[in-house]
Amino acid sequence: MLAFLPLGVAMAGEARVAVAANFRMVVDELQPIFAERTGHNLVISSGSTGKLFAQIANGAPFDIILAADDLRPARLEADGHAVAGSSFTYAVGRLVLWDPTGENVSADRLAQGAFRRLAIANPDLAPYGAAARDVMTALGVEEAPGKKLALGENVAQAFAFVHTGNADLGFVALSQVLAMPEAARGDYWTPPQSLYRPIKQDAALLSFGEDNAAALAFMEFLKSDEAAAVIKRSGYEVP
Amino acid sequence: MSAPDFSALWLTFRLAFVVTCLLLVLGTPLAWWLARTKTHIKPVIEAIVAMPLVLPPTVLGFYLLVLFNPSAPLGGAWLQLTGDTLAFSFAGLVIASVLYSLPFAVQPLQSAFEAVGDEVMEAAASLRASPIDAFFTIAAPLSVRGFVTAAILSFAHTLGEFGVVLMVGGAIPGETRVVSIAIYEHVETLRYQEAYGLSAILLAISFLVLLFVYVFNRRQRVHVH
């Protein structure tokens with residue numbers, strides 16, 4: 001059987017990338033550029049970082065993980081599932097306070113409690129949730145009265161709560177708002193980075209992809225200016 | 001057990017109890033109609049009732065989120081009436097759970113009612129019993145098994161609900177943070193000890209509840225013979 005494998009595979013390689021759901025769209029945009037520059041292909045799987053982590057720890061055949069935090073890649077390295085020293089920050093998420101109906105959004109509106117329901121990602125589960133709590137603490141809006149808060153499992157769900165109008169205000173990712181058509185972006189306030197811990201998203205080369213030329217090339221490509229431009233345009237900072 | 005976990009457990013039982021009562025009240029006339037009707041749209045209604053069995057909970061949850069939106073008719077009316085949104089509220093969870101567990105109430109009731117047979121109902125009618133009267137004095141007692149099965153399955157199914165609540169709940173302590181959400185949070189944050197504890201309780205309750213259904217059904221069957 002092996003004899004029938006096309007010989008071309010050795011040259012135009014293939015990297016299997018496990019990507020955090022929030023970054024999926026950016027990778028989809030990076031893929032054709034990467035393919036054009038290197039001739040290599042990407043096979044992309046996306047899911048929550050926690051689930052990807054569990055899959056990799058249980059032997060899922062991915063070459064690279066693009067996580068939504070910096071903890072899981074570090075843990076993968078420590079556990080020997082990722083190549084030691086390979087992880088780096090490929091994007092830094094930006095948090096925004098968002099109202100799609102475009103009413104005046106500001107720190108004051110939050111402080112005055114001028115909203116019916118505030119959606120945030122669950123701070124115990126999601127980096128964007130922890131960042132939202134940081135901002136609220138910094139503004140002295142201590143844990144807005146329990147019932148006025150709605151917790152999403154992750155920032156995608158917090159976004160859905162606001163987008164469907166069930167919450168009138170929410171802490172979401174800038175990248176999510178920028179992914180909307182311009183007319184649907186409403187109004188948002190971008191808290192200064194100093195108010196919350198940086199939402200570092202780290203990539204790691206997994207043990208599975210240690211010798212995969214395509215995987216190594218994509219890790220390098222992520223650090224390139226060309227990739228950085230796409231990442232920034234999508235609503236992230238680059239380190 | 002920690003206070004938040006106890007509160008989640010208590011909330012789950014309250015939810016399951018309210019949903020079960022509502023499902024018996026709403027499911028009985030629906031099941032009776034399905035069991036008796038000769039209309040050709042019966043299969044359509046039956047298919048709609050059975051949909052929650054096959055739909056992914058996220059689909060149902062997402063539709064409900066759209067329906068609960070204050071600018072949608074239902075969500076808007078509720079906001080006018082109560083000053084609160086349906087999403088992220090106990091009432092919203094009740095509506096979601098009634099829909100989600102509907103087949104678990106209607107199907108056992110329908111098969112129980114179908115087994116009642118037209119002859120006894122016609123006999124009752126010929127003795128001038130009103131349809132309501134005939135239902136409560138003849139059909140209902142003959143369908144005890146269906147009622148018990150419907151009640152217990154609705155209760156157990158609501159206890160184990162996860163996906164729909166995750167979509168419309170918002171994890172508010174004492175309001176929408178049910179036990180399955182609490183377990184999920186424990187697992188995601190690697191607090192496995194707490195997760196084991198709560199899971200074991202849920203497992204034990206679910207088993208006992210189902211065991212009761214099967215034992216009860218067996219007894220009844222023997223009784224009937």
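One structure accompanies this document, and this report is about it.

Procedures and definitions
- Along each chain, residues carry numbers from 1 onward, in the same order as the chain's sequence is written.
- Whichever chain is written first is A, and whichever ligand is written first is 1; the rest continue in order.
- Totals for whole chains, interfaces and linings use every residue, but because this is a predicted model, local features are given only for residues with pLDDT of at least 70 and side-chain atom pairs only at 80 or more, for both listing and counting.
- Computation of side-chain values covers all heavy atoms of the structure but excludes hydrogens and water.
- For helices the rule is a DSSP run of H or I covering at least 4 residues; for strands it is a run of E covering at least 2, with both sets numbered from the N terminus onward.
- Note on classification: 1.4 Å probe, protein chains only; a residue is buried when its accessible area is under 20% of the maximum for its type, exposed when over 50%, partly exposed between these limits.
- Should any heavy atoms of two residues lie within 4.5 Å, those residues are counted as being in contact.
- Convention adopted: a line fitted to C-alpha atoms gives each axis, helices being fitted over their contacting stretch, and angles between N-to-C directions are expressed from 0 to 180 degrees.
- Angle categories are assigned with fixed cut-offs, so that under 35 degrees is roughly parallel, over 145 is roughly antiparallel, 65 to 115 is roughly perpendicular, and the rest are oblique.
- Crossings are assigned a handedness: left-handed for a near helix turned anticlockwise from the far helix by less than a right angle, right-handed for a clockwise turn.
- Classes in brief: Ala, Val, Leu, Ile, Met, Phe, Trp, Tyr, Cys and Pro nonpolar; Asp, Glu, Lys and Arg charged; the others, Gly included, polar.
- Two strands qualify as a pair provided DSSP detects at least 2 bridges between them.
- Summed over both partners, the accessible surface that disappears when two parts come together, traced with a 1.4 Å probe, is what is meant by buried area.
- The term salt bridge refers to a pairing of a side-chain nitrogen on Lys or Arg with a carboxyl oxygen on Asp or Glu at a separation within 4 Å.
- N or O atoms closer than or at 3.5 Å make up a polar contact, with two conditions inside protein: a donor-capable atom paired with an acceptor-capable one, and, for residues adjacent in sequence, both atoms drawn from side chains.

**So, the side chain of A:Glu153**
Looking at the element boundaries, A:Glu153 is found in the loop between strand 7 (149–152) and helix 6 (155–163). By relative accessible area, A:Glu153 is classed as buried at 17%. Apart from residues lying up to four places away in sequence, A:Glu153 is in contact with A:Lys51, A:Leu125, A:Ala126, B:Leu166 and B:Tyr184.

**Focus on the packing of helix 1 (residues 3–36) of chain B against helix 5 (residues 90–114) of chain B**
All names here are of chain B. The N-to-C vectors of helix 1 and helix 5 enclose an angle of 45°; their axes lie 6 Å apart at closest approach. Regarding the angle of helix 1 to helix 5, the classification is oblique. Viewed along their axes, helix 1 and helix 5 form a crossing whose handedness is right-handed. Of the residues in the contact of helix 1 with helix 5, the class split is 21 nonpolar, five polar and three charged.

**Points about the sheet that holds strand 7 of chain A**
The strands that make up a sheet pair up through hydrogen bonds in the backbone, lying either parallel or antiparallel. Residues and elements named next belong to chain A. If you walk across this open sheet you meet the five strands as 7-6-8-5-9, and the pairing is mixed. The open sheet is flanked by strand 7 and strand 9 (187–189), the only strands paired with a single partner. Neighbour to neighbour, the strand axes of the sheet diverge by 30° on average, direction disregarded. Packed on one face of the sheet, helix 6 meets strand 5 (95–99), strand 6 (118–121), strand 7 and strand 8 (169–173) and runs near 140° to strand 8.

**Comments concerning the environment of B:Ile95**
Residues and elements named next belong to chain B. Tracing the backbone through its elements, the reader meets Ile95 in helix 5. Assessed through its relative accessible area of 28%, Ile95 is described here as partly exposed. As for Ile95 and Leu64, which are separated by 31 residues in sequence, their C-alpha atoms are 9.1 Å apart.

**Points about the sheet that holds strand 4 (residues 88–93) of chain A**
All names here are of chain A. The strand order across the open sheet formed by six strands is 2-1-3-10-4-11, and the pairing between neighbours is mixed. Looking at strand neighbours, the two that pair on one side only are strand 2 (41–47) and strand 11 (236–237), the edges of this open sheet. One ladder, built from seven bridges, connects strand 1 (residues 14–20) with strand 2; its direction is parallel. Residue pairing across strands places Ala15 opposite Leu42, the latter belonging to strand 2. With respect to the sheet, helix 8 (residues 213–222) is in contact with strand 1, strand 2, strand 3 (64–66), strand 4 and strand 10 (199–205), its orientation differing from that of strand 10 by roughly 155°.

**Quick notes on the interface of chain A and chain B**
Interface size is often expressed as the accessible area that is lost when the parts come together. Taken together, the contact pairs 19 residues of chain A with 22 residues of chain B. Between chain A and chain B, the buried area comes to about 1,800 Å², and carbon and sulfur atoms account for 55% of it. At the junction of chain A and chain B, the tally comes to one salt bridge. The salt bridge involving A:Arg117 is made with B:Asp84; its shortest N-O contact spans 3.2 Å. Counting every contact that joins chain A to chain B gives nine residue pairs in polar contact (both at pLDDT 80 or more). Where the side of chain A that touches chain B is concerned, the elements lending two or more residues are strand 7 and helix 6 of chain A. For the side of chain A that touches chain B, the element with the most residues is strand 7 of chain A, which contributes three residues.

**Regarding the pairing of strand 8 of chain A**
All names here are of chain A. Counting buried positions along strand 8 gives five out of five residues, so the element sits mostly inside the fold. Burial along strand 8 is two-sided: the residues Leu169, Phe171 and Ala173 and Gly170 and Val172 are all buried. Here strand 5 runs beside strand 8; their pairing, made up of four bridges, is antiparallel. Bridging from a neighbouring strand, Leu97 pairs with Phe171 of strand 8. Pairing geometry for strand 6 and strand 8, over two bridges, is parallel. Bridging across to strand 8, Leu118 finds its partner in Leu169.

**Thoughts on helix 10 (residues 179–188) of chain B**
With respect to burial, helix 10 of chain B is a largely interior element, eight of its ten residues being buried. Along helix 10 of chain B, the residues that are buried comprise B:Val179, B:Ser180, B:Ile181, B:Ala182, B:Ile183, B:Tyr184, B:Glu185 and B:His186.

**Notes on the pairing of strand 4 of chain A**
Residues and elements named next belong to chain A. By the criterion of burial, strand 4 is predominantly enclosed, with six of the six residues buried. Note: strand 4 against strand 10, five bridges, orientation antiparallel. Across the sheet, Thr89 pairs through a bridge with Asp202, a residue of strand 10.

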